[in-house]
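Breakdown of the fold
The primary structure of each chain is shown beneath.
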Amino acid sequence: MTAKRLLPALVATLAWGLAHAAAPTKASVFAGTDAPFASNAIYFVMTDRFVDGDPSNDHRDQGGAHPTWNIPVPGAPKGESANIGYLGGDFKGVLDNAGYIKGMGFGAVWITPIVDNPDQAFTGGDPVSWGSKFTDRGKTGYHGYWGVNFYKVDEHLPSKGLDYRQFTAGMHKAGLKVVQDIVLNHGSPAFTMPVKQPQFGQIFDKHDKLVADEQNLPPYQLDPVRNPLHRFYHAYDDLVQLSNNDDQNPAVLDYFVGAYLQWIDQGSDAFRIDTISHMSTAFWKQFSARIRAKHPGFFMYGEAFDYSPDNIGKFTWPSSGSISVLDFPLRGRMGDVFEHPDSDYAQLLDRLYLTNGPYQNPYELVTFYDNHDMARLNASDAGFIDADNFLFTARGIPAIYYGSEIGFERGKPEHEGNRNYFGQARIDGAPKSPIYRHLVRIARLREHTPALQRGLMLPIRFAGQQASFYRVYQKSNVHQIALVLLNKGDRSADFNIRDDLQPGRWQPAFGGKAIEVTAGGRLHASVAAHDVQVYLLDARATRPDLVAELTRLMEERGHPGH
């Protein structure tokens, strides 16, 4: 037991009899978060690469001299492939598989941007080759991040009778919320083209009026004083050849607030914000205030691709708009732990930031172990299973990238297969994968367990191949304590839990006999190799040392001073 926890334990030993006999008349509130969205685990779909549900919207003849359909990345080794053209995934492909996603235990689907992208492949920049990074020549906007009209759905996504509003309605009917990936920092590639291409470097409004055009000029040649079409952009570059929207220009803010309010009105339930760290916190405070003025509590989380918690934490503060973020610092440690069998669970502990950390609320961070912008998790089946068992029981809102449920393209970065087409056959065959089967088990448990969704997290021991911790949710008429036992070793492991252990009848979530714990007693359990066990106690926290620890977690949950 740590020194920090010694005093509460001594108090508990001396005062246990009285405390056990006379529970407090009013229970304290213990909750990591009450944000409604936190109940949902997220399945992240790159829409074009998921399932082609409607071949009639593929537009296979689009692009003329610069076609957009099915463009293999050159230089692939034998038996491998990657692609930078459209491959047909659409709203119908996602909606047709809503049952598959919901059945795994997810409550939300994050889809890549839906807005209109250019109708040709890009001719500027550096050529894409196998394994290249930050290269865009010959690439299309299949991913959705090269917006040219943020009020208009890209033609590759809808079908007859299935526009965006109808898509979100269908997803809601299936029990799934829709997270729309949004971009405000940039539009499409804007310069270095040998000959200027239509749409590239341009932005149109909801009436299809041209409001911005970089005119194939390098940013330092823009003239916002004399040319109104240049005023939308900064006169300096940011990411490769992408246009760089001016976050100091009120017209930019007005444009995007209008666009994204439109999509909320058509059914978006939350936003994932691309490249949030490339625009000022003052801009995000204004944006979030205007969105939430019409939709109070609307959940948003941003991508600040940075492993420094000090750099990304500020976006979560009220002074920056109270926008959550993807938890890159924890993701870095998850790669260290779950890609390497001999790793130590202790590596994860200092990236949880459960007290006085850099985040406004660590329980609202979106947690993950890979995505479309980095190499997929390079782990064995057992490594994926261990990662999922941690991800769905620890603090935060878990997000799984499409295909990770079967170890799809494991270890592959963007131009080596990370974003490859998944397809219906793989979905239909997913239940054969041990990764899938274990994911379903732990994700469904989180789906029905308030303590795992929103409860405070109290670590017991993170060491070697084992980890143990409590999750506690206590508010109104819901009171639940979950004891999580994780074993990533190759052999079964015995756990003997005494610290802060509340007496009562602990029920194992995955079968087996309940364990009756008496005052001052212990809980003994054996957890199989690469497995998890969760014991649940539906009772108020009354043990003094446990209450003291939970009270401290509540008082110190957020960033000091915010």
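These numbers were taken from a predicted model, which means no experiment stands behind them.

Conventions and cut-offs
Residues numbered from 1 in each chain as written. Predicted model: local features only at pLDDT ≥ 70, side-chain atom pairs only at ≥ 80, totals over all residues. Heavy atoms only, no water. Phe/Tyr/Trp six-rings, centres within 6.5 Å; stacked < 30°, edge-to-face > 60°. Helix = DSSP H or I, 4+ residues; strand = E, 2+ residues; numbered from the N terminus. Buried < 20%, exposed > 50% of the residue type's maximum accessible area, 1.4 Å probe, protein only. Lys NZ or Arg CZ within 6 Å of the ring centre and 35° of its normal. Pairing = 2+ DSSP bridges. Right-handed = clockwise from strand over helix to strand, strands pointing away. Polar contact = N/O pair within 3.5 Å; in protein donor to acceptor, adjacent residues only side chain to side chain. Contact = heavy atoms within 4.5 Å. pLDDT = per-residue confidence, 0-100. Axes fitted to C-alpha atoms, helices over the stretch in contact; angles between N-to-C directions. Left-handed = near helix turned anticlockwise from the far one by under 90°. Nonpolar A, V, L, I, M, F, W, Y, C, P; charged D, E, K, R; others polar.

Re the packing of aromatic side chains
Evaluated as defined, the whole model comprises 43 aromatic pairs. A centroid spacing of 6.2 Å and a plane angle of 15° characterise the contact between F50 and F422, whose relative ring orientation is stacked. Linking F50 in the loop between β1 (42-45) and α2 (91-95) with F422 in the loop between β14 (397-401) and α11 (424-429), this pair joins segments that are 372 residues apart in sequence. When sorted by exposure, F50 lands in the same class as F422, which is buried. Geometrically, the ring pair formed by F256 and Y260 is stacked, given 6.1 Å between the ring centres and 10° between the ring planes. Taken together, the positions of F256 and Y260, both in helix α5 (residues 250-265) and four residues apart, correspond to about one turn of that helix. The exposure classification of F256 matches that of Y260, with both residues buried. Across from the ring centre of Y402, 4.9 Å away, lies the NZ or CZ of R376, which sits over that ring. The positively charged end of K488 is found above the aromatic ring belonging to Y345, 5.6 Å away from the centroid.

A few points about the pairing of β14
For β14, the tally of buried residues reaches five of five residues, placing the bulk of the element in the interior. Where burial is concerned, the two faces of β14 agree: the one with I397, A399 and Y401 and the one with P398 and I400 are both buried. Examined bridge by bridge, β1 and β14 share three bridges and lie parallel to one another. Considered in β14, the bridge of I42 is made with A399. In this structure, strand β13 (residues 366-367) lies alongside β14, joined through two bridges in parallel fashion. Bridging across to β14, V366 finds its partner in I397. Each parallel crossover has a hand, and for β13 linked through helix α10 (residues 381-391) to β14 it is right-handed.

Brief notes about the environment of A482
Along the chain, A482 turns up in strand β17 (residues 478-487). As for A482 and G455, which are separated by 27 residues in sequence, their C-alpha atoms are 8.7 Å apart.

Brief notes about the side chain of Q474
Its location among the elements puts Q474 in strand β16 (residues 466-475). Looking at Q474, its side chain comes within polar contact range of the main-chain nitrogen of A541, at 2.7 Å. Non-local contacts of Q474, meaning those with residues more than four positions away in its chain, are made with A27, S28, V29, F30, H479, A539, R540 and A541.

Details of the confidence of the model for the chain
Looking at the chain as a whole, its pLDDT mean stands at 95, while 95% of the residues score no less than 70. Ignoring residues within four places in sequence, the model shows residues 1-25, a span with pLDDT below 50, making 24 contacts including any to other chains.

Some remarks on the side chain of R395
On the secondary structure map, R395 appears in the loop between α10 and β14. Owing to a relative accessible area of 0%, R395 belongs among the buried residues under this scheme. There is a polar contact of 3.2 Å between the side chain of R395 and the backbone oxygen of R351. Among all residues touching R395, those that are not within four sequence positions of it are D327, L330, R351, L352, L354, P362, Y363, L365, T367, M457 and R471.

Comments concerning the sheet that holds β16
The strand order across the open sheet formed by six strands is β15-β16-β17-β22-β19-β20, and the pairing between neighbours is antiparallel. Both edges of this open sheet fall to β15 (456-463) and β20 (515-517), since each of them pairs with a single strand only. This sheet shows a mean twist of 20° between the axes of neighbouring strands, independent of strand direction. The pairing of strand β19 (residues 504-508) with β20 spans three bridges and is classified as antiparallel.

As for the packing of helix α8 (residues 328-338) against α10
With their axes 10 Å apart at the nearest point, α8 and α10 run at an angle of 140° to one another. Along this stretch, α8 crosses α10, giving a crossing that reads as right-handed. Touching L330, M334 and F338 of α8 are G383, D386, A387, F390 and L391, all from α10. Partitioning the contact of α8 with α10 into residue classes produces six nonpolar, one polar and one charged.

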